[in-house]
Amino acid sequence: MQTHAYVAIVTILALLTYLWMGLAVGAARRKCGIAAPCMTGDPALERAIRAHSNTLEWLPVFLPSMWLFALYWSDLVAAVLGLVWIVGRIAYQRGYVADPAKREIGFLIQALATAILLFGALGRAVWVLAVTG
């Protein structure tokens, strides 16, 4: 029986990445002097908030897809794709905070990793169902 330790570790790393982005929002608030609950007023703050929010929007697609891929295919391959997702999210956040036009490469990296995980898991689940009835 697989322990899925690789995917468990990558899950925690993904959540830590999300927490890091939340801390970056707090740092942007301090830097621009805009206290919560205000969400606007400084473009740097708005970009940090948007990068953080967009990551939250992707987590419910990414995490189950990674776990299902691990269950139906391979823990190690799912974990590697999960690490690619994390790299993409970090590139997205760094690019977006610097200049919104620089977010695209990070977005494409994480979207591709998610698509492979999602459709790989779906394809294998359908295959297993078709073969086993």
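Before any of the text, the structure's been laid out above.
One structure accompanies this document, and this report is about it. (Residues numbered from 1 in each chain as written. Predicted model: local features only at pLDDT ≥ 70, side-chain atom pairs only at ≥ 80, totals over all residues. Heavy atoms only, no water.)

If you check helix H3 (residues 75–98), its first and last C-alpha atoms are 34 Å apart, about what 24 residues at 1.5 Å a residue would give, namely 34 Å. Two or three places before Leu76, at the start of H3, stands the capping residue Ser74, its side-chain oxygen 3.3 Å from that residue's backbone nitrogen. (Helix = DSSP H or I, 4+ residues; strand = E, 2+ residues; numbered from the N terminus. Expected span 1.5 Å × (residues − 1). Polar contact = N/O pair within 3.5 Å; in protein donor to acceptor, adjacent residues only side chain to side chain.)

One finds Phe62, Met66, Ala78, Trp85 and Leu117 to be the most contacted residues of the largest nonpolar core, which totals 20 residues. Taken together, the elements giving at least two residues each to this core come down to helix H1 (5–32), helix H2 (43–72), H3 and helix H4 (104–132). The element best represented in this core is H2, accounting for seven residues. If we skip the residues at most four places from it in the chain, Trp85 touches Ala14, Thr55, Trp58, Leu59, Phe62, Gln110, Ala113 and Thr114. (Core = buried A, V, L, I, M, F, W, Y, C linked by side-chain atoms within 4.5 Å. Buried < 20%, exposed > 50% of the residue type's maximum accessible area, 1.4 Å probe, protein only. Contact = heavy atoms within 4.5 Å.)

Following the criterion strictly, the structure yields one salt bridge and no others. Glu57 is paired through a salt bridge with Arg50; the nearest N and O atoms lie 3.1 Å apart. (Salt bridge = Lys/Arg side-chain N within 4 Å of Asp/Glu carboxyl O.)

Per the counting criterion, the structure on display carries five aromatic pairs. Between Phe62 and Trp85, the ring centres sit 3.9 Å apart and the planes meet at 5°, which makes this aromatic pair stacked. Within this pair, whereas Phe62 is found in helix H2, its partner Trp85 is found in helix H3, the two being separated by 23 residues in sequence. On the basis of relative accessibility, which here comes to 0%, the residue Phe62 falls in the buried class. Taken together, the aromatic side chains of Trp58, Tyr92, Tyr96 and Phe107 make up a single cluster linked through ring pairs. In this structure, Arg89 packs its charged tip against the face of Tyr92, placed 4.3 Å from the ring centre. Its end group placed over the ring of Trp73, Arg124 keeps NZ or CZ at 4.7 Å from the ring centre. (Phe/Tyr/Trp six-rings, centres within 6.5 Å; stacked < 30°, edge-to-face > 60°. Lys NZ or Arg CZ within 6 Å of the ring centre and 35° of its normal.)

Helical periodicity: at 3.6 residues per turn, an α-helix aligns residues three or four positions apart in one direction. Counted at 1.5 Å a residue, the expected span for H4 with its 29 residues is 42 Å, and the 41 Å between its end C-alpha atoms agrees. Taken as a whole, H4 has its buried residues at Gly106, Gln110, Ala111, Ala113, Thr114, Leu117, Gly120 and Ala121. Summarising the contacts, the buried residues of H4 are in contact with H2 and H3. Following H4 by one or two positions, Gly133 adopts a phi angle in the positive range, close to 85°.

In this structure, Asn54 sits in helix H2. Among the residues examined, Asn54 registers a relative accessible area of 8% and is labelled buried. In contact with Asn54, other than residues within four places in its own chain, are Arg89, Tyr92 and Phe107.

So, about unusual backbone geometry. With the exception of glycine, the majority of residues adopt a negative phi angle, and the majority of peptide bonds are in the trans configuration. Looking along the chain, the bond that leaves Ala36 and enters Pro37 is cis, with omega of 15°. The backbone phi angle of His4 is positive, close to 60°, even though this residue is not glycine. Structurally, the position occupied by His4 is in the segment before H1.

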